[in-house]
Amino acid sequence: MKRQAILKCCNQRNLINSFTYNKKPPGETDFGIKKYRRMYKRCKYCDHMFSFFNFNLKNLYLKKYSTDAYGDSRTIYRNFKKIISLSPKKSDNKNRVKRCSRYLNKKSKILDIGCGLGVFLYELKKKGHKTYGIEPDFNLFNHSKKMLGNNIFNGSFQSYINKKDKFSFDFVSLNKVLEHVTDPKKITNHLSRVMKKGAYIYIEVPDVISSKISKNREELMVEHLHVFSKISLANMMMQSGFNLVEINQIIEPSGKFTIY
């Protein structure tokens, strides 16, 4: 099987076999993968997990992910309304906003990379912040633009940083994004290009500790090329030139195991 995930998390790395999948696990989006076979290997030193498989997930994403994972525009809107109506005790997003608010002020200009349904930016906009988003999926982009206005860019982060009229931000967030990227350092190495001096980055990724509970956990679904440890996330960001302010492991109200 071909290695799908790249990350120099340690100075030394030995990968050991962790989980093998010969069929789609319960709860995973059905991408119509033929000859389903994949595996995770774990870094012996930092516990970071790397995905291996031979099928072309990128093409399947482009054809199926948005519709299969989120539905049509009406379904997307219903999901958005459902999420924003959750109480703080049940909402991953409202807890995320609370964590981030400690690093924000009323003048903060915020960029959310991979803004998805726009629920994070929606809550921050209600608080009076200037909010901007990047979303490559066209269906989610259209929805977020309707909910949040014209400050949403349809495309990749790489295409945004090459724009002549791009902005600089006080706060940049990547919520459940980096685990989907083959080489996340291609993003983190360039974050400074959209950041003001003294700006903060907020990141959420799946926590490898979930693998100690079940190989069928949501954190280990096929679209997650990486599953992070605290060490691998911290190493990656420091290698990209950033200082670590805070890092924690949590179980979110939805039950997700997350590092932020």
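The preceding data block contains the structure.
Reading guide: rules and limits
Residues numbered from 1 in each chain as written. Predicted model: local features only at pLDDT ≥ 70, side-chain atom pairs only at ≥ 80, totals over all residues. Heavy atoms only, no water. Helix = DSSP H or I, 4+ residues; strand = E, 2+ residues; numbered from the N terminus. Polar contact = N/O pair within 3.5 Å; in protein donor to acceptor, adjacent residues only side chain to side chain. Contact = heavy atoms within 4.5 Å. Phe/Tyr/Trp six-rings, centres within 6.5 Å; stacked < 30°, edge-to-face > 60°. Lys NZ or Arg CZ within 6 Å of the ring centre and 35° of its normal. Pairing = 2+ DSSP bridges. Axes fitted to C-alpha atoms, helices over the stretch in contact; angles between N-to-C directions. Parallel < 35°, antiparallel > 145°, perpendicular 65-115°, else oblique. Left-handed = near helix turned anticlockwise from the far one by under 90°. Nonpolar A, V, L, I, M, F, W, Y, C, P; charged D, E, K, R; others polar. Buried < 20%, exposed > 50% of the residue type's maximum accessible area, 1.4 Å probe, protein only.

Moving on, we come to the side chain of Gln4. Note that Gln4 resides in the segment before strand E1 (15-21). Engagement of the side chain of Gln4 in a polar contact is seen with the backbone oxygen of Phe53, the distance being 2.6 Å. Once you skip the residues sitting within four places of it in the chain, Gln4 turns out to touch Ser51, Phe52, Phe53, Thr182 and Leu225.

With that settled, the discussion passes to the packing of aromatic side chains. One pass over the full model with this rule turns up 11 aromatic pairs. Ring plane angle 55° and centroid distance 5.3 Å describe the contact between Tyr132 and Phe167, whose orientation is recorded as tilted. On the criterion of sequence distance, the pair formed by Tyr132 in strand E5 (residues 130-134) and Phe167 in the loop between helix H6 (157-161) and strand E7 (169-175) is long-range, its members being 35 residues apart. Taken together, the aromatic side chains of Tyr36, Phe53 and Phe55 make up a single cluster linked through ring pairs. Taking NZ or CZ as reference, Arg99 lies 4.6 Å from the ring centre of Tyr260, over its face. Of note, Lys215 hangs over the ring of Tyr21, and the distance from its end group to the ring centre comes to 4.7 Å.

All right, on to the sheet that holds E7 then. Pairing between sheet strands relies on hydrogen bonds along the backbone, with the strands arranged either parallel or antiparallel. Strands sit in the order E6-E5-E4-E7-E8-E11-E10 across an open sheet of seven strands; the sheet is mixed. Where the open sheet ends on each side, the last strands, each with one partner, are strand E6 (152-153) and strand E10 (249-251). Two strands pair when backbone bridges link them, and strand E4 (residues 109-113) and E7 are joined in this way by three bridges, in the parallel orientation. Bridging across to E7, Ile110 finds its partner in Phe171. Contacts from helix H3 (residues 92-101) reach E7, strand E8 (195-206) and E10, with the element oriented near 150° to E8. Running over the sheet, helix H8 (residues 230-239) touches E8, E10 and strand E11 (257-259) and is turned about 155° from E8.

Looking now at the packing of H3 against helix H4 (residues 119-126). Across the interface, H3 lies against H4 with an axial gap of 10 Å and an inter-helix angle of 55°. Put simply, H3 runs oblique to H4. Here H3 runs over H4; the crossing is right-handed. Each of Asn93, Lys94, Arg96, Val97 and Cys100 in H3 lies in contact with H4, whose residues at this interface are Val119, Phe120, Glu123 and Leu124. Residues of the contact of H3 with H4, tallied by class, amount to five nonpolar, one polar and three charged.

Here the focus is the environment of Asn139. Here Asn139 lies in helix H5 (residues 138-148). By relative accessible area, which is 35% here, Asn139 ends up partly exposed. Separated by 22 residues in sequence, Asn139 and Ile161 have C-alpha atoms that sit 22 Å apart.

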